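# Results of the structural survey
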Amino acid sequence: VLSTLSDDSFDRAIVPRPKEGGRDGDMSTSLCGLPYLKALLPKLRSRGEVHWYDFASDAELEGGLARTKASIRDAVQAEGMEVEFLHAGKAGSGTIAKRQYRVCVDFRVVK
């Protein structure tokens with residue numbers, strides 16, 4: 001579907017990171033949805049905002065979601081854009097599994 005949309009079309013995107021298999025998590029070697037994020041970035045206007053939903057362990061959450069932010073930063077910069085992080089934290093009040101949380105990282109891209 002993304003390939004059918006025009007570039008610079010959206011001010012905001014709400015994006016649940018795609019699941020990538022059995023070792024999908026913050027200790028895995030999965031791609032963390034980055035190919036999907038890279039395909040999405042050109043569709044955003046400059047200063048467009050993304051609400052990136054992911055899963056993280058309690059340890060990553062306590063560390064400010066550094067792994068998730070680094071993955072996003074790397075993907076955005078690889079596309080020649082800058083990133084401004086607006087918020088990062090739990091999305092909801094409960095856990096999805098023992099010591100695992102749904103999280104949201106809100107960020108803005110500047111082209």
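Read on for an overview of the structure. (Residues numbered from 1 in each chain as written. Predicted model: local features only at pLDDT ≥ 70, side-chain atom pairs only at ≥ 80, totals over all residues. Heavy atoms only, no water.)

This part covers the sheet that holds strand β2 (residues 44-57). Across the sheet, which stays open at both edges, the four strands sit in the order β1-β2-β4-β3 with mixed pairing between neighbours. Only two strands of the sheet have a single neighbouring strand rather than two, namely β1 (10-16) and β3 (82-90). Here the strands of the sheet are splayed against their neighbours by 15° on average, with no regard to which way each runs. In terms of strand pairing, β3 meets strand β4 (residues 100-110) through eight bridges, oriented antiparallel. Looking across to β4, one finds that glutamate 82 is bridged to valine 110. (Pairing = 2+ DSSP bridges. Helix = DSSP H or I, 4+ residues; strand = E, 2+ residues; numbered from the N terminus. Axes fitted to C-alpha atoms, helices over the stretch in contact; angles between N-to-C directions.)

The next thing to look at is the packing of aromatic side chains. Counted by the stated rule, this structure contains one aromatic pair. Between the aromatic rings of phenylalanine 85 and phenylalanine 107, the centroid separation amounts to 6.2 Å while the plane-to-plane angle is 55°, which identifies the pairing as tilted. Of this pair, phenylalanine 85 sits in strand β3 while phenylalanine 107 sits in strand β4, and the two are 22 residues apart along the sequence. Exposure remark for phenylalanine 85: the relative accessible area of 25% places this residue in the partly exposed category. Among the residues examined, phenylalanine 107 registers a relative accessible area of 0% and is labelled buried. Taking the ring centre of phenylalanine 85 as reference, the NZ or CZ of lysine 69 above it sits at 5.6 Å. (Phe/Tyr/Trp six-rings, centres within 6.5 Å; stacked < 30°, edge-to-face > 60°. Buried < 20%, exposed > 50% of the residue type's maximum accessible area, 1.4 Å probe, protein only. Lys NZ or Arg CZ within 6 Å of the ring centre and 35° of its normal.)

What follows deals with the nonpolar core. Most often, soluble globular proteins keep nonpolar side chains buried together rather than apart. Counting 22 residues, the largest nonpolar core has Leu37, Leu41, Trp52, Ile72, Val76, Phe107 and Val109 as the members making the most contacts within it. Of the residues forming this core, the biggest block, five residues, is contributed by β4. Residue contacts for leucine 37: discarding those within four places in its chain leaves Trp52, Ile72, Ala75 and Phe107. (Core = buried A, V, L, I, M, F, W, Y, C linked by side-chain atoms within 4.5 Å. Contact = heavy atoms within 4.5 Å.)

On to helix α3 (residues 66-78). The end-to-end C-alpha distance of α3, which contains 13 residues, comes to 18 Å, matching closely the 18 Å that a straight helix rising 1.5 Å per residue would cover. Among all positions of α3, only Thr68, Ser71, Ile72, Ala75 and Val76 are buried. One side of α3 holds all its buried residues, which, seen down the axis, span an arc of 125°. Looking at the buried side of α3, the elements it contacts are α1 (34-40), β2, α2 (58-62), β3 and β4. Immediately beyond the C-terminal end of α3, within one or two residues, lies glycine 80, with a positive phi of roughly 80°. (Expected span 1.5 Å × (residues − 1). Arc of directions from axis to C-beta.)

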